[in-house]
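Structure assessment
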Amino acid sequence: MENGSFDERVAVRYLLGDLPEDLLVQVENRAFSDPEYLRVVEAVEADLIDSYVRGELQASERRQFEVRFLASPARRKKVEFARAWARVASESQAADNTEMARSGVPRRSWRDALARLVRGPVPAFQFAMGVVAVVLVSVISWQAVQTTRLRGRVGELEAERAGQQQQEKTLQKAIEVERARADDLSAQLQRNGPTGLASLILMPGMVRGENAPPQLVVPHTAQLAALQVQLEPRDEYPQYRAELHTRRGDEILTRSNLREQRSGVVRVVVLEIPASVLNAGDYELTLKGIAAGKQPEDIAYYRFSVQKK
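A brief report on the enclosed structure follows. (Residues numbered from 1 in each chain as written. Predicted model: local features only at pLDDT ≥ 70, side-chain atom pairs only at ≥ 80, totals over all residues. Heavy atoms only, no water.)

**Looking at the sheet that holds strand β1 (residues 197–202)**
Pairing in this open sheet of 4 strands is mixed, and the strands run β1-β3-β7-β6 from one edge to the other. Each having just a single partner strand, β1 and β6 (261–263) make up the two edges of the open sheet. Pairwise comparison of adjacent strand axes, ignoring direction, gives a mean angle of 40 degrees for this sheet. Across 3 bridges, β6 lies against strand β7 (residues 266–274) in antiparallel orientation. Looking across to β7, one finds that R262 is bridged to R267. (Pairing = 2+ DSSP bridges. Helix = DSSP H or I, 4+ residues; strand = E, 2+ residues; numbered from the N terminus. Axes fitted to C-alpha atoms, helices over the stretch in contact; angles between N-to-C directions.)

**Let's talk about the pattern of salt bridges**
Where charged atoms of side chains with opposite charge meet at close range, the side chains can pair. In the structure shown here, the tally under the stated rule is 16 salt bridges. Notably, a salt bridge pairs E260 with R267, separated by 3.0 Å at the nearest N-O pair. According to the relative accessible area criterion, E260 is partly exposed, its value standing at 33%. (Salt bridge = Lys/Arg side-chain N within 4 Å of Asp/Glu carboxyl O. Buried < 20%, exposed > 50% of the residue type's maximum accessible area, 1.4 Å probe, protein only.)

**Quick look at unusual backbone geometry**
Trans peptide bonds make up most of the peptide bonds, and negative phi angles are found at most residues other than glycine. Look at N257: it is not a glycine, yet its phi comes out positive at around 60 degrees. By the element assignment, N257 lies in strand β5 (residues 251–258). You can call N257 exposed: its relative accessible area is 54%.

**Considerations on the nonpolar core**
Among the nonpolar cores identified, the biggest contains 28 residues, and L216, L285, L287 and F304 are the most heavily contacted of them. Only β1, β2 (215–218), β3 (224–230), β4 (239–246), β5, β7, β8 (281–290) and β9 (297–308) provide two or more residues apiece to this core. The dominant element in this core, judged by the number of residues it contributes, is β9, at 5 residues. Judged by nonpolar contacts, the second largest core, of 22 residues, contains L23, I49, Y52 and L70. (Core = buried A, V, L, I, M, F, W, Y, C linked by side-chain atoms within 4.5 Å.)

**Structural notes on the sheet that holds β5**
With mixed pairing, the 5 strands of this open sheet are ordered in space as β2-β9-β8-β4-β5. The strands lining the two open edges of the sheet, one partner per strand, are β2 and β5. Here the strands of the sheet are splayed against their neighbours by 25 degrees on average, with no regard to which way each runs. Sheet topology note: the β2/β9 ladder contains 4 bridges and is parallel. Looking across to β9, one finds that Q215 is bridged to S305.

**A word on the packing of aromatic side chains**
The full count for this structure, using the stated rule, is 5 aromatic pairs. Relative to F65, the ring of Y52 has its centre 4.2 Å away and its plane inclined at 20 degrees; by these criteria the two rings are stacked. Of the two residues, Y52 sits in helix α3 (residues 35–53) while F65 sits in helix α4 (residues 59–67), which places them 13 residues apart along the sequence. Assigned by exposure class, Y52 and F65 land together as buried. Measuring from centroid to centroid gives 6.2 Å for F81 and W85, while their planes differ by 35 degrees, and the two rings are tilted. With F81 and W85 both in helix α5 (residues 73–103) and 4 residues apart, the pair spans about one turn of that helix. In textbook terms, an aromatic cluster arises when at least three aromatic residues are bridged by ring pairs, as seen for Y52, F65 and F69. (Phe/Tyr/Trp six-rings, centres within 6.5 Å; stacked < 30°, edge-to-face > 60°.)

**Notes on the environment of E8**
Its place among the elements puts E8 in helix α1 (residues 8–15). Looking at E8, the relative accessible area reads 46%, which means it is partly exposed. Spatially, the C-alpha atom of E8 lies 8.2 Å from that of V41, the residues being 33 residues apart in sequence.

In short, geometric facts, not functional conclusions.
Next comes the structure, spelled out in structure tokens:
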């Protein structure tokens, strides 16, 4: 939802409680800060109520309307008023049509009947006006409560956003420290490890777009290259799949049925690659989680470069 634009379907989904959290926050923030936008949302709400009363909503929208929209007492009063108004207008139109049928005058539309109802001081109209007064008082009170709630919600969201930004900064610092430690450990393994094996540790956070990806040094005597991909706490799958491509997108290899292993206190997925398939250059590793009966889900992307010695 771009600033300055209005999508009626987004407003309908908002009123029916069918928006994801991020889009819901955008609608509420804009409704709170933009009175014109709030008026448009209220107009969509009136049309939605009218469609429900007239039985014009689709089955799925009607269920959402009854389960979510009608959960609010203030909204239920709006619907009761809309039903009463539609009933009075319908009765007035029916009476007009009967009278006109007797006199031979063409029938009026329901809009004409509603206009006549407003102009004529009939008892039904007086009753409807009483209902209008009660509903208007309820609506005004409801809007005041909603405004207060929106302000409180905005304050809570701002506090949550500030907390998340602080957590991201702390996490980024921790990632940088761990990355430096991993680079040092990887360099030690390459210096002191067996000549037939080249190894590299890939940390969470080593994603696409970095200027200096970690480097895997492959001696000419190496037969295998082992990539240890560290998992984040939220990544828990029975199996994993790794897909290795060149920077240009050429597929090098794919390994399935990989399982997590323990490396000290961290969980890793180890991918062994024949050294003969690796040339000097940049590579990208895609790690996917595989759950029973589901499609593989992308977990993370890792970039690294290969240097042949």
